[in-house]
Amino acid sequence: MRSVLTGLVALSLLNAPAWAEAVDLELVFAADGSGSIDDDELRLQRQGWAEALTSPDVLNGIKDGPLGAIAVAFMEWGGPSSQVLIVDWHVIRDAASAKVFADRLTSAPRGAYGYNSISNAIDFSVRLVETNAHEGTRKVIDVSGDGPNMNGRSLEQARADALAKGFTINALAIRRPGSGRPGGPGGMSLEDYYGQSVIGGPGSFVEIADETRPFAVAARRKLLTEIAGTAGAARHAGR
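Computed from a predicted structure; not experimentally measured.

With respect to the nonpolar core
Working step 1: In this structure, Ile122, Val143, Tyr194 and Val198 are the most contacted members of the largest nonpolar core, which totals 32 residues.
Working step 2: When residues of this core are traced back to their parent elements, those giving at least two are β1 (21–32), β2 (70–77), β3 (83–92), α5 (118–130), β4 (134–145), α6 (155–164), β5 (167–174) and α7 (190–197).
Working step 3: A per-element tally of this core places α5 first, with seven residues.
Working step 4: Within the second largest apolar cluster, 31 residues are counted, among which are Phe29, Val58, Ile86 and Leu223.

Dropping the structure here:
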């Protein structure tokens, strides 16, 4: 079965540029670095993703792919003019390569400022994928945040443009105890808002991090689903 999958991947990459490195997945982490995220919460997010990427079950999931490798980049977003590339594209195929990425992530300085332009973060993530040196069978933008889109261009349009280019957008809703923030119009929950307005594409879903599910646990669950290319444990299904 693995040989059949490998053959299908090879066929899908025949039209890729000669210089592009083939991977199973191109994944952009688009993490909330806005004014609502204090330094402790920023560190919690980065450490959570680092722990998830270096965990044995995630590494085994990567190895089980047809090519056994994924390309990842990490950016943080704030206001409309603040999208910061924290860690540039890096191929993860084993524990050593995952640790390199994790170390870069946890040691990088903070850079984003302003409030909540998820739409501009999606646009920035699309450009990151379109200009990288990798070619994957799937392209995923992984938005994590603790609030709704507030500024920038239309979120509906940014989402639609990304989906038209073959991207899948998933989300991780960070629910902080006592924040009292509604996720969207009418006081809907943050996960419902992300499910209706942010995610989209094949198998898209929302994961939740809260007082009952630590960020690192939610991040690992989410990564395992994204690497496998299925959303069996999805909270919400996108288009």
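Looking at the packing of helix α2 (residues 39–54) against helix α4 (residues 95–107)
Working step 1: It is the contact of α2 with α4, at a shortest axis distance of 9 Å, that shows an interaxial angle of 175°. Comparing the axis directions of α2 and α4 gives the class roughly antiparallel. From α2, Arg46, Gln47, Trp49, Ala50, Leu53 and Thr54 reach across to α4, where they touch Ala98, Lys99, Phe101, Ala102, Leu105 and Thr106.
Working step 2: Class assignment for the residues of the contact of α2 with α4 results in seven nonpolar, three polar and two charged.

Focus: the packing of aromatic side chains
Working step 1: Applying the stated criterion across every chain yields a total of four aromatic pairs.
Working step 2: With a centroid separation of 6.0 Å and 50° between ring planes, the pair formed by Tyr193 and Tyr194 is classed as tilted. Take Tyr193 and Tyr194: they sit in the same class, and that class is buried.
Working step 3: What links up through ring pairs into an aromatic cluster is the set Phe29, Trp49, Phe74 and Phe215.

What about the sheet that holds β2?
Working step 1: With mixed pairing, six strands are arranged side by side in an open sheet as β3-β2-β1-β4-β5-β6. Across the chains shown, the open sheet's two edge strands, defined by having one partner strand only, are β3 and β6 (206–209). Going across the sheet, the axis of each strand differs from the next one's by a mean of 20°, ignoring polarity.
Working step 2: Of the strand pairs in this sheet, β2 and β3 are connected by seven bridges, and their pairing is antiparallel. The residue bridging Val72 from the neighbouring strand is His90, located in β3.
Working step 3: Its contacts with the sheet place α2 against β1, β2, β3, β4 and β5, and it is angled at close to 160° to β1.
Working step 4: This element, α7, spans β4, β5 and β6 of the sheet and lies at about 170° to β5.

Remarks on the pairing of β4
Working step 1: With 10 bridges joining them, β1 and β4 adopt parallel strand pairing. Bridge assignment links Phe29 to a residue of β4, and that residue is Asp142.
Working step 2: Across seven bridges, β4 lies against β5 in parallel orientation. In the sheet register, Val143 faces β5, and the bridge partner there is Ala171.

How each quantity is defined
Residues numbered from 1 in each chain as written. Predicted model: local features only at pLDDT ≥ 70, side-chain atom pairs only at ≥ 80, totals over all residues. Heavy atoms only, no water. Core = buried A, V, L, I, M, F, W, Y, C linked by side-chain atoms within 4.5 Å. Buried < 20%, exposed > 50% of the residue type's maximum accessible area, 1.4 Å probe, protein only. Helix = DSSP H or I, 4+ residues; strand = E, 2+ residues; numbered from the N terminus. Axes fitted to C-alpha atoms, helices over the stretch in contact; angles between N-to-C directions. Parallel < 35°, antiparallel > 145°, perpendicular 65-115°, else oblique. Contact = heavy atoms within 4.5 Å. Nonpolar A, V, L, I, M, F, W, Y, C, P; charged D, E, K, R; others polar. Phe/Tyr/Trp six-rings, centres within 6.5 Å; stacked < 30°, edge-to-face > 60°. Pairing = 2+ DSSP bridges.

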